[in-house]
Amino acid sequence: EVQLVESGGGLVQAGGSLRLSCAASGFTFDDYAISWFRQAPGKEREGVSCFSASDGSTYYTDSVKGRFTISGDGAKNTAYLHMNSLKPEDTAVYYCAASRWYCDSHLGDRAIKYWGKGTLVTVSS
């Protein structure tokens, strides 16, 4: 059984911080690249960040560079998205996702094999 479960979402004021977690099971965590996507109401899903343990590459969409950091703990089979200096426009459902080995440098979703169900992040002004 393959499963990705997000946690850590909630309500935070603008300028605050939040850490999202993605717990993976049913596959070898280190053989996959973990991505974070988000979708705000009325908007299309966008790639936020990706990390590949295979080549050590990380990617961030321009709007979160310098504010968000992706990381992982292989021993815990868990990936994280550290979000700092949050803005109201960061409000969205955040999803973690897994692709085999490598990230899409454009943060697209065509190579994604597994998806979590999402966790809601709301940033108030």
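This text follows the structure it describes.
Figured I'd write up the structure that's included with this text. Please read all numbers here as calculations on a predicted model, not as lab measurements.

Criteria and cut-off values
Residues numbered from 1 in each chain as written. Predicted model: local features only at pLDDT ≥ 70, side-chain atom pairs only at ≥ 80, totals over all residues. Heavy atoms only, no water. Helix = DSSP H or I, 4+ residues; strand = E, 2+ residues; numbered from the N terminus. Buried < 20%, exposed > 50% of the residue type's maximum accessible area, 1.4 Å probe, protein only. Polar contact = N/O pair within 3.5 Å; in protein donor to acceptor, adjacent residues only side chain to side chain. Contact = heavy atoms within 4.5 Å.

**Some remarks on unusual backbone geometry**
Then comes step 1: With a phi close to 50 degrees, N77 is a non-glycine residue in the positive phi region.
Then comes step 2: Secondary-structure assignment places N77 in the loop between β7 (68-73) and β8 (78-83).
Then comes step 3: On the accessibility criterion, N77 (29% relative accessible area) is partly exposed.
Then comes step 4: In the Ramachandran plot, S85 falls in the positive-phi region, its phi being about 50 degrees despite a non-glycine side chain.
Then comes step 5: Structurally, S85 can be placed in the loop between β8 and β9 (92-100).

**A short note on the side chain of D90**
Then comes step 1: Mapped onto the fold, D90 is located in the loop between β8 and β9.
Then comes step 2: Residue class for D90 comes out buried when judged on its relative accessible area of 1%.
Then comes step 3: In terms of polar contacts, D90 uses its side chain to reach the side chain of R67, at 2.8 Å.
Then comes step 4: Ignoring anything within four residues of it in the chain, the contact list for D90 reads R38, R67, F68, S85, V121 and V123.

**Regarding the environment of Y60**
Then comes step 1: Among the secondary structure elements, Y60 is positioned in strand β6 (residues 58-60).
Then comes step 2: Sequence-distant contacts of Y60, defined by excluding residues within four places in its chain, comprise V48, S49, K65, F68, T69, I70 and L107.
Then comes step 3: Among the polar contacts made by the side chain of Y60, one reaches the main-chain amide nitrogen of I70 at a distance of 2.9 Å.

Purely geometric numbers; function is a separate question.
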